[in-house]
Amino acid sequence: MTTELSMLTWSVVLGLLQVALAATCTVGQRGLGWAASPRDEVKPPLSGVGGRLQRASANFLETFPFFVAAVLAAHLLQRHDGMTALGAQLYFWARVAYVPAYAAGIPYLRTLIWAASIVGIVLVLAALF
């Protein structure tokens, strides 16, 4: 398995972990009854760490499809080099760092980490041109 596909696989694991963390916080704040309900009642956003974890998970889901497309295109076109491997690793590790930075509420650091993940996607994409 290439480094890029390995990072893609680990990114899926990270995404699932983020969904689980956000869901756990949701149940903690709103209760199991709400989680099992049809959720017809509009609730205010989660607060505190739970809200930040939910937003971090949503942010992951915004960038992940671009990462998947870039990695799969590079794989299908057999464009693998040090830059694509670095890009995939940068994306993954930045996304790992993003979760605690966002959960802790560190605004500027969180933004820099997010930007690093975008640079990772761009590095993988650069190999396609």
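As shown above, the structure is provided for reference.
Structure report, in brief. (Residues numbered from 1 in each chain as written. Predicted model: local features only at pLDDT ≥ 70, side-chain atom pairs only at ≥ 80, totals over all residues. Heavy atoms only, no water.)

## Describing the overall build of the protein
And step 1. Counting its secondary structure elements, the protein contains five helices and zero strands.
And step 2. Secondary structure elements in the protein, listed N-terminal to C-terminal, are α-α-α-α-α.
And step 3. Projected onto its principal axes, the C-alpha positions of the protein cover 50 × 30 × 20 Å.
And step 4. Each of the 129 residues in the protein was classed as buried or not, and the buried ones make up 36%. (Helix = DSSP H or I, 4+ residues; strand = E, 2+ residues; numbered from the N terminus. Buried < 20%, exposed > 50% of the residue type's maximum accessible area, 1.4 Å probe, protein only.)

## Section: the side chain of glutamate 4
And step 1. With respect to the helices, strands and loops of the structure, glutamate 4 is situated in helix α1 (residues 3-30).
And step 2. Comment: no salt bridge for buried glutamate 4; closest opposite-charge side chain is arginine 79, at 11 Å.
And step 3. Within polar-contact distance, the side chain of glutamate 4 engages the side chain of histidine 80 at 3.5 Å.
And step 4. Other than its neighbours up to four places away in sequence, glutamate 4 contacts Val71, His80, Asp81, Thr84, Ala85 and Ala88. (Lys, Arg positive; Asp, Glu negative; His and termini not counted. Salt bridge = Lys/Arg side-chain N within 4 Å of Asp/Glu carboxyl O. Polar contact = N/O pair within 3.5 Å; in protein donor to acceptor, adjacent residues only side chain to side chain. Contact = heavy atoms within 4.5 Å.)

## Quick look at the packing of helix α3 (residues 48-76) against helix α5 (residues 107-126)
And step 1. Packing of α3 against α5 brings their axes to within 9 Å, and their N-to-C directions diverge by 20 degrees. Here α3 lies roughly parallel to α5, going by the angle between them. Viewed along their axes, α3 and α5 form a crossing whose handedness is left-handed. The residues of α5 that touch α3, namely those facing Asn59, Thr63, Phe66, Phe67, Ala70, Val71 and Ala74, are Trp114, Ile118, Ile121, Val124 and Leu125.
And step 2. Tallied by class, residues from the contact of α3 with α5 come to 10 nonpolar, two polar and no charged. (Axes fitted to C-alpha atoms, helices over the stretch in contact; angles between N-to-C directions. Parallel < 35°, antiparallel > 145°, perpendicular 65-115°, else oblique. Left-handed = near helix turned anticlockwise from the far one by under 90°. Nonpolar A, V, L, I, M, F, W, Y, C, P; charged D, E, K, R; others polar.)

## A look at α3
And step 1. With 29 residues, α3 extends 42 Å between its outermost C-alpha atoms, agreeing within 8% with the 42 Å of an ideal straight helix rising 1.5 Å per residue.
And step 2. Of all the bends in α3, the largest measures some 30 degrees and sits at threonine 63, one to four residues before the proline proline 65.
And step 3. Directly after α3, the chain includes glutamine 78, whose backbone phi takes a positive value near 55 degrees. (Expected span 1.5 Å × (residues − 1). Bend = angle between axes of the 7 residues up to and from the residue.)

Shape descriptors only; they carry no functional weight alone.
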